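Each chain, letter by letter, is given below.
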Amino acid sequence: MAADLDVANLFVIGGATLAIPILAFIASFLLWPSALIKVYYWYWRRTLGLQVRYADCGGYRFCFSCRGKPGMRPSILMLHGFSAHKDTWLTLVKYLPKHLHIVCVDMPGHEGTSRTNTEDYSIQGQVRRIHQFVETIRLSRKPFHLVGTSMGGNVAGVYAACYPSEICSMTLICPDGIRHPCETKFDNHLQDLEHSNYTLNIPLIPTTPEEMEDMFRLCSHVRFKIPQQILQGLVDVRQPHNTFYQDVFMEIVGEESRYALHDHLHLIAAPLQVIWGKKDQVVDVSGAAVIADVLPGCRVDLLENCGHSVVMERPCRTAKLLLEFIILQQGAKAGTKKST
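Rules behind the numbers
Residues numbered from 1 in each chain as written. Predicted model: local features only at pLDDT ≥ 70, side-chain atom pairs only at ≥ 80, totals over all residues. Heavy atoms only, no water. UniProt positions renumbered as here; feature names shortened; annotations may be inferred. Buried < 20%, exposed > 50% of the residue type's maximum accessible area, 1.4 Å probe, protein only. Helix = DSSP H or I, 4+ residues; strand = E, 2+ residues; numbered from the N terminus. Pairing = 2+ DSSP bridges. Right-handed = clockwise from strand over helix to strand, strands pointing away. Phe/Tyr/Trp six-rings, centres within 6.5 Å; stacked < 30°, edge-to-face > 60°. Axes fitted to C-alpha atoms, helices over the stretch in contact; angles between N-to-C directions. Contact = heavy atoms within 4.5 Å.

The protein chain appears in an unreviewed UniProt entry as acylglycerol lipase from Pleuronectes platessa. Heading Sequence similarities (unreviewed entry) of the UniProt record for the protein chain holds this comment: "Belongs to the AB hydrolase superfamily."

Trainee: Can you tell me about the pairing of strand E6 (residues 167-173), naming the residues and giving the values?
Mentor: For a regular strand, side-chain orientation follows a simple rule: the groups alternate between the two sheet faces. The buried fraction of E6 amounts to seven of the seven residues, a majority that puts the element mostly inside the structure. Taken together, the six bridges between strand E5 (residues 144-149) and E6 define a ladder with parallel strand orientation. Note on E6: the bridge partner recorded for Thr-149 is Ile-173. At this point the chain moves from E5, through helix H5 (residues 151-162), to the parallel E6, and the crossover so formed is right-handed. In the sheet, E6 pairs with strand E7 (residues 272-277) via four bridges, with the strands oriented parallel. Opposite Met-170, over in E7, you have Leu-272 as the bridge partner.

Trainee: With reference to specific residues and values, describe the packing of aromatic side chains.
Mentor: Enumeration over the complete set of coordinates arrives at 12 aromatic pairs. Judged by centre distance (5.2 Å) and plane angle (55 degrees), the ring pair of Phe-62 and Phe-133 falls under tilted. Taken together, the residues span a long stretch of sequence, with Phe-62 in strand E2 (residues 60-67) and Phe-133 in helix H4 (residues 123-136) at a distance of 71 residues. In terms of burial, Phe-62 and Phe-133 fall into one category: buried. Relative to Phe-249, the ring of Phe-186 lies with its centre 6.5 Å away and its plane at 90 degrees, an arrangement referred to as edge-to-face.

Trainee: How would you sum up the sheet that holds E5? Please name residues and give values.
Mentor: Read across the open sheet, the eight strands follow the order E1-E2-E4-E3-E5-E6-E7-E8; overall the sheet is mixed. Edge positions in the open sheet fall to strand E1 (51-57) and strand E8 (299-303), since each of these has one partner strand only. Averaged over all neighbouring strand pairs, the angle between strand axes comes to 20 degrees, with direction disregarded. Across four bridges, E2 lies against strand E4 (residues 102-105) in antiparallel orientation. Bridge pairing in E4 places Phe-64 opposite Val-105. Packed onto the sheet, H5 meets strand E3 (76-79), E5 and E6 and runs at close to 145 degrees relative to E5. Packed on one face of the sheet, helix H11 (residues 286-294) meets E7 and E8 and runs near 165 degrees to E7.

Below, the structure is given as structure tokens:
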């Protein structure tokens, strides 16, 4: 009887021990979904071996995550898109070899990087700040591979044009900043915004769970089933930064920035890879052909059944294409050295 009681007590204690984290998770999911989202990113960074670090330069602070050390392969610097953050790349990093040196930085004003004034939010302003970051962490001691998506692709392309000696090769994923011949659903939204003098809601700055869901439908061809609580959590995380996002948006759609990549294409000397989702509703896939016309030596990889959020929709395929391109370029350079 005593033994049975002990066993029963063990089950009670064990059940209570398990119940506490389970109840905590449920409470977080229902009451504080934004906190759960932050824990989610922390968990995945830790699982993937990414460390969050800071780099200070003249009173300006950059926040970035990194993994690995510089080695035989070039370091990889990743620039995220509008209103995103360094953790955008987690799904992609998951499929990249752990020995690669990877750096994912929060773009100017985003997440943990200093927020200053609108001069830093134009494409040229962001290029200057990213160059400051590269110099601060001494990433350019050896030419590196630059990756940019959406707004980050616009910045990456202009960066490569302005600082060609620092870039050994580059990958642009659905880059903004191209005069593409075909209009998208987002282009129609943008025209409506301009006609309303920007009094309408900006589709990329959601303020409710319903608008958040609409943004996912706009940016992703793949339909993800996201619980209402998580949508609310994502809104809560972004809400305090919406005024900043509006300032950035107005800068990057302004005359100086909107087609900055297109205007700098002829100055890009580094080997270029373009990856684009064929179902992109934000920046039309016809932009890939525009880039190839100006830079006929570039490699173009178009992904079937994929929208604008390539890194989220096709992380494994994107990582494979990226790695293949880097290895190909390294092989080509090795062959050139041998022939000379």
